[in-house]
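# Structure assessment
Listed below, chain by chain, are the residues.
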Amino acid sequence: MISFVRQRWGRSLPPFLRRFAHFFFRIYYNMGDCIFCKIVEGTGQAAILHRDEQVTVFRDLHPAAPTHILIVPNRHIESVNQLEDADASLMGHMFVVAKQIAAQENLSDGYRLTVNTGPQGGQTVFHLHLHLIGGRQMRAMG
Ligand code: AMP
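Scoring rules and cut-offs
- Residues numbered from 1 in each chain as written.
- Predicted model: local features only at pLDDT ≥ 70, side-chain atom pairs only at ≥ 80, totals over all residues.
- Helix = DSSP H or I, 4+ residues; strand = E, 2+ residues; numbered from the N terminus.
- Buried ≥ 20, exposed ≤ 12 C-beta atoms within 10 Å, placed from the backbone.
- Contact = placed C-beta atoms within 7 Å.
- Near = placed C-beta within 6 Å.
- Nonpolar A, V, L, I, M, F, W, Y, C, P; charged D, E, K, R; others polar.
- Expected span 1.5 Å × (residues − 1).
- Pairing = 2+ DSSP bridges.
- Axes fitted to C-alpha atoms, helices over the stretch in contact; angles between N-to-C directions.
- Core = buried A, V, L, I, M, F, W, Y, C linked by C-beta atoms within 7 Å.

Here the focus is the overall build of the protein. When helices and strands are tallied, the protein shows four helices and five strands. Starting at the N terminus, the α and β elements of the protein follow one another as α-α-α-β-β-β-α-β-β. For the protein, the residues scored as buried account for 16% of the 142 residues in total. Within the protein, contacts between residues at least 6 apart in sequence are counted, and of these 62% link residues at least 24 apart.

As C-alpha cells, then:
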C-alpha cells in the first residue's frame, strides 16, 4: 500500500501533501531503533544481497522500480551531512559495490544511483544509504 502511494501519487501530490507524506514516512520508518542498523547487525529482516566489512546491501522493502536495492554503510551515519574526510574511501566503496550489484542484476542498459539527504531531500530513514534503482526507463531529472 505504502509503495503504491509513493509510486503513484508521490510526484503528483501538491507540495503541502507531499510534505505531510514525507513527515508520515519519517515517523513510520524511524519508530524505535535504527531499522538499517538492525538489518546490518542481522536482527532486522531483509533480503540481503551482499555483506562486507564496510557495507550491507539489501532489497528495498517498497520498491520504486523492478530493481530497487539499498547500499548501506555498516556504521551508523545519519546522512551525507555527517560525513567527514575520513569517510571518502567508504563512499567510494559504496559506488564500486553498487556497480558490481548492478552487473549482477543485469542492469546493463543503465540504472540510477540516488542519495536523499535531509527531510527536504526526501530522506525518510536517517541512516545514510545509496538507492540503486533500475529495470525501467527513468524519467529525466528536473
Ligand atoms: P529514503 O526515503 O531515501 O530515506 O529511503 C528509505 C528507503 O528505505 C525507502 O525506499 C523504504 O522503502 C526503504 N525501507 C524502509 N524500511 C525498510 C526495511 N525494513 N527494509 C528494506 N527497505 C526499507
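What surrounds the ligand is a group of 13 residues, the closest being L61, H62, N116, T124 and V125. By residue class, the composition of the shell around the ligand is seven nonpolar, five polar and one charged.

Here we take up helix 4 (residues 88-104). With 17 residues, helix 4 should cover 24 Å at 1.5 Å per step; its first-to-last C-alpha distance of 25 Å lies within 8% of that length. Phi for N106, located one or two positions after helix 4, is positive at around 60°.

For the rest of this paragraph, the subject is the sheet that holds strand 1 (residues 48-51). Strand order in the open sheet formed by five strands is 1-2-3-5-4, and the pairing between neighbours is antiparallel. Across the chains shown, the open sheet's two edge strands, defined by having one partner strand only, are strand 1 and strand 4 (111-114). Recorded for the sheet is a direction-independent mean angle of 15° between the axes of neighbouring strands. Strand direction decides the pairing type here: strand 4 and strand 5 (residues 130-134), joined by four bridges, are antiparallel. Paired with L113 across the strands is L132, a residue of strand 5.

Moving on, we get to the pairing of strand 2 (residues 55-59). Among the five residues that make up strand 2, four are buried, leaving the element largely enclosed by the rest of the structure. Sheet topology note: the strand 1/strand 2 ladder contains three bridges and is antiparallel. Considered in strand 2, the bridge of R51 is made with T56. Between strand 1 and strand 2, which follow one another and run antiparallel, lie three residues.

The next subject is the environment of R112. By secondary structure assignment, the location of R112 is in strand 4. Considering only alpha carbons, one finds R112 and H68, 44 residues apart in sequence, at a separation of 9.6 Å. The residues contacting R112, other than those within four sequence positions of it, are I133, G134 and M138.

Counting residues in hydrophobic clusters, the biggest one holds 16 residues, and the most contacted among them are V55, V57, I71, V72 and L132. The greatest single-element share of this core, amounting to four residues, is contributed by strand 3 (residues 67-73). Apart from the residues within four sequence positions on either side, L132 is in contact with I69, I71, A98, I101, A102, Y111 and L113.

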